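Structural overview for review
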Amino acid sequence: MINSATQGFWLADSAIDATAFREQLGDESCGACVIFEGRVRNHNEGRAVLRLAYEAHAPMALKEGAMILQEATQRFAISKAAAVHRQGELALTEAAVVVGVASAHRDAAFQACRYIIDEIKHRLPIWKKEYYADGTAEWVNCRQCAAPHAHGETPG
Amino acid sequence: MINSATQGFWLADSAIDATAFREQLGDESCGACVIFEGRVRNHNEGRAVLRLAYEAHAPMALKEGAMILQEATQRFAISKAAAVHRQGELALTEAAVVVGVASAHRDAAFQACRYIIDEIKHRLPIWKKEYYADGTAEWVNCRQCAAPHAHGETPG
Amino acid sequence: MAIPVKVIEIKWFAAYREAAGVATETARTDAATAAELFVEMQRKHPALASFSAALLAINDEMADWNRTLQDGDEVLFFPPVAGG
Amino acid sequence: MAIPVKVIEIKWFAAYREAAGVATETARTDAATAAELFVEMQRKHPALASFSAALLAINDEMADWNRTLQDGDEVLFFPPVAGG
């Protein structure tokens with residue numbers, strides 16, 4: 001699903017091609033490029049992780065992802081921004097998410113890249129299930145995430 | 001001169017292999033990887049740039065580069081750090097410097113990557129000559145750089 | 001005054017889907033809001049009782065828990081997200 | 001009291017090298033410090049006069065402008081750096 005010719009937000013069903021991802025950020029006016037990769041770690045909160053799976057609600061994830069990139073472009077002096085998030089089964093060390101930003105100067109690239117990954121982690125309708133070495137599995141919550149879209153009262 | 005199996009600091013005489021550079025940062029314990037690329041821009045302070053050349057004092061640049069990576073490893077909770085800087089002639093869009101950091105969590109990776117590129121720009125004995133579209137050329141100063149190693153009085 | 005029964009399509013995601021045992025279901029309900037509907041569904045699917053509600057969307061737009069449900073709405077219940 | 005003349009190897013880099021017209025030279029000097037040596041060299045190479053001094057190294061270690069020069073030292077004059 002990744003389109004190496006255009007910037008934007010995608011969901012990928014198979015391994016992200018880091019080389020193609022990086023190349024789409026090339027731009028003669030850009031002196032700085034910052035790329036963030038979030039990878040499947042072999043541990044989380046003290047437990048040995050074997051693999052994981054992401055489930056996304058694709059229509060809204062794509063819309064929210066595109067919105068986050070647009071916000072970053074408005075807030076920071078950047079010329080390109082792209083991000084891709086995996087869905088489905090992932091093995092250890094595979095990239096779950098890759099964010100890339102190109103800009104004339106490095107300040108904006110660092111700030112925008114950080115903004116995008118933080119917003120992706122808080123806002124994208126996507127859920128992670130970790131499979132552990134002891135045979136159990138669990139849906140993982142983003143513990144720091146106060147629900148930014150839960151306007152009004154919540155039950156329960 | 002880049003060695004894809006080891007972390008560390010290098011000077012490169014030819015194009016940096018971004019894929020090999022990224023792969024050396026792979027680590028099953030790392031959930032976050034941040035890569036910064038500084039590229040040759042087609043403009044600087046309003047002038048059209050055609051190409052540029054870096055001159056390094058290699059023995060001291062290698063020593064200072066390794067020191068910067070060591071400092072980053074001590075200050076931030078990261079597990080890998082690597083950087084490579086070009087010397088000699090560079091064309092537009094070529095990477096002049098690449099910095100990569102891998103860590104368990106993204107905060108440390110972003111902070112360490114930023115620390116390393118900032119220190120490289122201020123401390124590495126390396127000089128940049130820009131060649132402009134109007135046929136002139138100029139050695140470029142890092143304008144924000146107060147000389148951090150000029151202990152004591154300076155003449156002139 | 002009798003409240004007319006609404007037909008609401010429900011979609012469950014991730015941990016909610018596993019607790020509910022279904023990915024989608026159709027509710028005939030007189031719940032006025034999504035919050036009331038969630039509590040009603042917690043009674044229907046006891047495994048949902050241990051979950052507090054997080055986010056929801058109505059017709060693929062993020063929505064308030066207090067928004068009045070309309071006949072024919074599609075309600076998506078989202079557990080806390082965990083991207084990246 | 002006559003100060004003994006020291007023999008100092010000088011290396012010029014980047015803009016300094018172009019202004020001096022040479023990459024290396026040997027100075028026979030009675031300059032006590034690197035700062036004095038730089039001023040002396042500015043007189044020898046008038047194109048250097050417009051530069052203010054930035055960093056220097058002695059025997060491949062970053063050094064103070066006020067450090068006393070020893071006979072046989074190698075002094076590296078660095079213009080302001082511009083990596084990345």
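Note that this is a predicted model, so its numbers are computed, not measured.

**A short note on the overall build of chain A**
Within chain A, the secondary structure is distributed over 3 helices and 9 strands. Counting from the amino terminus, helix and strand elements in chain A follow one another as β-α-β-β-β-α-β-β-β-α-β-β. The buried share among the 156 residues of chain A stands at 56%. Residue pairs in contact within chain A that sit at least 24 positions apart in sequence constitute 74% of those at least 6 positions apart. Total accessible area computed for chain A in this model is approximately 6,500 Å², and 49% of it derives from carbon and sulfur atoms.

**Observations concerning the interface of chain D and chain B**
Contact residues are listed per partner, giving 28 residues for chain D and 32 residues for chain B. Buried surface at the junction of chain D and chain B, summed over both partners, amounts to about 2,500 Å²; 60% is from carbon and sulfur atoms. If you look at where chain D meets chain B, you find 3 salt bridges. Linking chain D to chain B there are 12 residue pairs in polar contact (both at pLDDT 80 or more). Ranked by residue count, the leading element in the side of chain D that touches chain B is helix α1 (residues 14-20) of chain D, at 4 residues.

**Structural notes on the packing of helix α2 (residues 58-75) of chain A against helix α3 (residues 106-123) of chain A**
All names here are of chain A. Packing of α2 against α3 leaves a shortest axis separation of 10 Å and a crossing angle of 150°. Considered as vectors, α2 and α3 are oriented roughly antiparallel to each other. Every pair of crossing elements has a handedness; the one defined by α2 and α3 is right-handed. Where α2 approaches α3, its residues E64, M67, I68, L69, E71, A72 and R75 are matched on the opposing element by A112, Y115, I116, E119, I120 and R123.

**Some details on the relation of the copies chain A and chain B**
Once turned by 180° and shifted 0.0 Å along the axis, chain A lies on chain B with an RMSD of 0.0 Å. Considering both components of the superposition, the chain copies are consistent with a two-fold axis. Of every C-alpha in chain A, the one belonging to A:I35 sits nearest the axis of rotation, 2.6 Å from it. Interface residue correspondence from chain A to chain B reaches 100%, placing this contact among same-surface, isologous pairings.

**A short note on the pattern of salt bridges**
All chains considered together, the criterion is met by 34 salt bridges over all chains. With a shortest N-O distance of 3.0 Å, A:R123 and A:E64 are connected by a salt bridge. Of this pair, A:R123 sits in helix α3 while A:E64 sits in helix α2, and the two are 59 residues apart along the sequence. Grouping residues by exposure puts A:R123 and A:E64 together as buried. Among the salt bridges present, the one from C:E25 reaches C:K44, with a minimum N-O distance of 2.6 Å.

**A closer look at the side chain of A:Q87**
Residues and elements named next belong to chain A. Mapping Q87 onto the fold places it in the loop between β5 (78-86) and β6 (88-91). With a relative accessible area of 16%, Q87 lands in the buried category. Among the polar contacts made by the side chain of Q87, one reaches the side chain of D13 at a distance of 2.8 Å.

Each value, and the rule that gives it
- Residues numbered from 1 in each chain as written.
- Chains lettered and ligands numbered in written order.
- Predicted model: local features only at pLDDT ≥ 70, side-chain atom pairs only at ≥ 80, totals over all residues.
- Heavy atoms only, no water.
- Helix = DSSP H or I, 4+ residues; strand = E, 2+ residues; numbered from the N terminus.
- Buried < 20%, exposed > 50% of the residue type's maximum accessible area, 1.4 Å probe, protein only.
- Contact = heavy atoms within 4.5 Å.
- Areas by Shrake-Rupley, 256 points an atom, 1.4 Å probe, with all protein chains shown as cover.
- Buried area = accessible area lost by both parts, 1.4 Å probe.
- Salt bridge = Lys/Arg side-chain N within 4 Å of Asp/Glu carboxyl O.
- Polar contact = N/O pair within 3.5 Å; in protein donor to acceptor, adjacent residues only side chain to side chain.
- Axes fitted to C-alpha atoms, helices over the stretch in contact; angles between N-to-C directions.
- Parallel < 35°, antiparallel > 145°, perpendicular 65-115°, else oblique.
- Left-handed = near helix turned anticlockwise from the far one by under 90°.
- Least-squares fit on C-alpha atoms with pLDDT ≥ 70 in both.

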